[in-house]
Amino acid sequence: MCGIVGYIGKDNATRALISGLYRLEYRGYDSAGIALLTKDNIFLKKVAGRVSELDNAIRDRVPDASIGIAHTRWATHGVPNDINAHPHTDCEKRFAVVHNGIIENYRTLKKFLEKKGHRFETDTDTEVIPHLIEEFYDNDLMSAVKKACSYFKGTYGLAIISLANPDCLVVTRMGSPLVIGKGKDEYIVASDLAAIISYTDKVIYLNDGDVAEIHPDRLRIESREFGPVAPEIERVTLSLEQIERGGYKHFMLKEIYEQPVILRDTIRGRLNYEEGIARLHGIANYIEKLRDAERIIIIACGTSWHAGLIGEYMIESLAEIPVEVEYSSEFRYRRPVLKKGTICIVVSQSGETADTLAALREAKRHGATVLGICNVVGSSIARETDAGIYIHAGPEIGVASTKAFMAQIMTFALLSLLLGRLRRLPVDEGRDIINAIRRIPDQIQSLLEELPGQIKELARTFKDHRNFLYLGRGYNFPVALEGALKLKEISYIHAEGYPAAEMKHGPIALIDKNMPVVVIAIKDAIYDKVISNIEEIRTRQGIVIAVGSEGDSQLKKNVDHIIYVPKTLDHLYPLLTILPLQLLAYYIADFRGLDVDKPRNLAKSVTVE
Ligand code: G6P
């Protein structure tokens, strides 16, 4: 949510900043801006709209500069227009700041600054930052930034340039991500690695409360609390190929097609057939605690929350440990009862979701052990949890999560197998599960070859419908939620996911001959019940699009459209049933001519609460 990038070095700063912004655009895309340090002033350009609009506006019209900062915005305070776009400056335009996060006490600070004569031009919370720096500046940018930060309540990742200190760039963070890339006589800083890896694979992850003063050939980091910090340089393995579209029309489609490969990565080295068990080295030191847990609380937002629900069903049925699933935003603001024996598992693709990070900290404050299931290596959540499991889905750029969801479900399949085996499952059952898990990537591969033609047809038929209902039961109830979420996120069609039997308690009133109802009706333990639910829809003339198990010819007779998926174990079906729903949402949005990868109002990584 909001992408910031900064550059200092020998190269042309504009090039580094604009290409960085394009790579970060998935974090927010309602306005963009750039500030460059020239000999006499700070060159500033800000526009409402996409990065391409900023790019066009400055092409051939920028001064040469080797220091600068830039921003792509997802508006929180102040409508997305030219003025509210970042960077923001002080009264004399001597300081420019880009910010990701929210300064919650900005109204108080603004009043304080206005009394001191500062003049404000925007409706943003961010504008207090350059003014406060201006207020405290005494020939040392880093000191002024440190002092200003001590007044902020909220979250921030900041990059700051100053006319008075033309040889350095200052960055700091609290609750919002910030990575520093170290090149040869140059540094590029950004909200995430995507903007950095074409420059260097050497990075330094800044910790909350750290401030860095960066010169082309050196940097100095200080913790506001503890004083000087020795920079720890890490090497990253991310490749450019992984963050490019590679011939696909959209990142979302590319990521859907990557699913067989990433699932192989998720399970690689983690299955032990001999013992019928999974091995998860990241949480090796916590296995006994988990095995003996009296209760597990899974905490997440959005799609990760849906994966958590599937995790709940898996762990409860395979390991018989009571599990609850909480929205991070709810968990953090109530009084959770975390008795000894409760373990929290936070799930996050980005590892930066503000509410999940805050919930993690809240759980730790209560003394709970907190484990993570994360995708982004080195992310804040990955670093702050006691231990964790990486899902190995690779960078996910499409705003609508697909491959990360699959990898999260697979991770829960591994975790539930491990806990199940440690608590109650016999080795043979563990081996059956391993066999079924190993087949999943190939089964998805075949579906990716077979389904698109049929699903495109369905998408053409239904693209102009205004409402959809998605139903499922058991393990496939969260899949119904996720299918509905995918559709509404990228096609702006209203869709609701429901447990199939709950339909009778409300949504059934919506059903008429115009209502498409997607029903997951695979041959699992509650198949017959779902068939009754389908009857209830048909009696009211609803249009049934069923996702059924291969070979179920009976089902075909009772529905309007059917999409088959291959057979697997009950608890692994979500890995197969979600695929047609992802494709359906994708093709409907594409046929509607929408920007699938950058749906309106959304952002990939929600770093504000
Ligand atoms: C945003 C994204 C979703 C994601 C959710 C949680 O809403 O658009 O795709 O599921 O945040 O993000 P996380 O990174 O914590 O999984």
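Residues numbered from 1 in each chain as written. Predicted model: local features only at pLDDT ≥ 70, side-chain atom pairs only at ≥ 80, totals over all residues. Heavy atoms only, no water.

Novice: Explain the UniProt feature "active site" (unreviewed entry) in the protein chain to me, please; I cannot follow it from the model alone.
Specialist: Taken from the UniProt record, the annotation "active site" (unreviewed entry) applies to Cys2 and Lys604. These annotated residues cover 603 residues of sequence, but their C-alpha atoms sit close together, with the largest distance between any two at 9.4 Å. On the secondary structure map, Cys2 appears in the segment before β1 (3–9). Of the residues examined, Cys2 reaches a relative accessible area of 6% and is grouped as buried. Here Cys2 is in contact with Arg27, Gly28, His71, Thr72, Arg73, Trp74, His99, Asn100 and Ser191, once residues within four sequence places are set aside. Mapping Lys604 onto the fold places it in the segment after α18 (573–591). With near-sequence residues (within four places) excluded, Lys604 lies in contact with Tyr26, Arg27, Gln349, Glu396, Ile397, Gly398, Val399, Ala400 and Ser401. (UniProt positions renumbered as here; feature names shortened; annotations may be inferred. Helix = DSSP H or I, 4+ residues; strand = E, 2+ residues; numbered from the N terminus. Buried < 20%, exposed > 50% of the residue type's maximum accessible area, 1.4 Å probe, protein only. Contact = heavy atoms within 4.5 Å.)

Novice: Just to check I follow, could you spell out the domain arrangement of the protein chain for this structure?
Specialist: It is common to give the size of an interface as the accessible area that goes away when the parts come together. Each domain of the protein chain was delimited in the assignment, giving domain 1 (3–241), domain 2 (245–449) and domain 3 (451–593). Each of domain 1 and domain 2 has a C-alpha centre, and these two points are 34 Å apart. In this complex, domain 1 contributes 11 residues to the contact, which on the side of domain 2 involves 13 residues. Each partner contributes to the roughly 870 Å² buried at the junction of domain 1 and domain 2, and carbon and sulfur atoms together form 49% of this total. Taken together, domain 1 and domain 2 are joined by 1 salt bridge. In this structure, Arg361 engages Asp208 in a salt bridge whose closest nitrogen and oxygen atoms are separated by 2.8 Å. At the boundary of domain 1 and domain 2, one finds 4 residue pairs in polar contact (both at pLDDT 80 or more). Residue composition of the side of domain 1 that touches domain 2, grouped by class: 6 nonpolar, 2 polar and 3 charged. (Domains from an automatic or database assignment. Buried area = accessible area lost by both parts, 1.4 Å probe. Salt bridge = Lys/Arg side-chain N within 4 Å of Asp/Glu carboxyl O. Polar contact = N/O pair within 3.5 Å; in protein donor to acceptor, adjacent residues only side chain to side chain. Nonpolar A, V, L, I, M, F, W, Y, C, P; charged D, E, K, R; others polar.)

Novice: I keep staring at the packing of helix α13 (residues 403–423) against helix α14 (residues 427–462) and nothing clicks. Help me out?
Specialist: Two quantities define a packed helix pair, namely the angle between the helix axes and the distance between the axes. Two numbers describe how α13 lies on α14: the axes approach to 10 Å, and their chain directions differ by 170 degrees. With respect to α14, the axis of α13 lies roughly antiparallel. Mapping the contact onto sequence places Met406, Met410, Ala413, Leu414, Leu417 and Arg421 in α13 and Val427, Gly430, Ile433, Ile434, Ile437, Ile440 and Ile444 in α14. (Axes fitted to C-alpha atoms, helices over the stretch in contact; angles between N-to-C directions. Parallel < 35°, antiparallel > 145°, perpendicular 65-115°, else oblique.)

Novice: How do you make sense of the site of the ligand when you look at a structure like this?
Specialist: The ligand sits among 13 residues. The nearest are Ser304, Ser348, Gln349, Ser350 and Thr353. In the environment of the ligand, an oxygen atom lies 2.4 Å from a nitrogen or oxygen atom belonging to the side chain of Thr353. Within the backbone of Val399, an N or O atom sits 3.4 Å from an oxygen atom of the ligand. Protein chains shield 90% of the accessible area of the ligand, which is 390 Å² for the free molecule. A per-element tally of the shell around the ligand places helix α9 (residues 302–319) first, with 3 residues. Looking at the shell around the ligand, its residues break down into 4 nonpolar, 8 polar and 1 charged. (Near = heavy atom within 4 Å. Areas by Shrake-Rupley, 256 points an atom, 1.4 Å probe, with all protein chains shown as cover.)

Novice: When you look at the UniProt feature "domain: SIS" (unreviewed entry) in the protein chain in this model, what are you seeing that I'm missing?
Specialist: Sites flagged by UniProt as "domain: SIS" (unreviewed entry) map to residues 286–425 and 458–599. Along residues 286–425 the backbone is 46% helical and 20% strand, and the end-to-end C-alpha distance reaches 20 Å. In residues 458–599, helix accounts for 41% and strand for 21%; the two terminal C-alpha atoms are 22 Å from one another.

Novice: When you look at α9 in this model, what are you seeing that I'm missing?
Specialist: One turn of an α-helix holds 3.6 residues; hence residues three or four places apart share an orientation. The terminal C-alpha atoms of α9 lie 25 Å apart, and with 18 residues this matches the ideal 26 Å at 1.5 Å per residue to within 8%. When you tally the buried positions in α9, you get 14 out of 18 residues, the bulk of the element. Remark: Glu320 follows α9 within two positions and exhibits a positive phi of approximately 55 degrees. (Expected span 1.5 Å × (residues − 1).)

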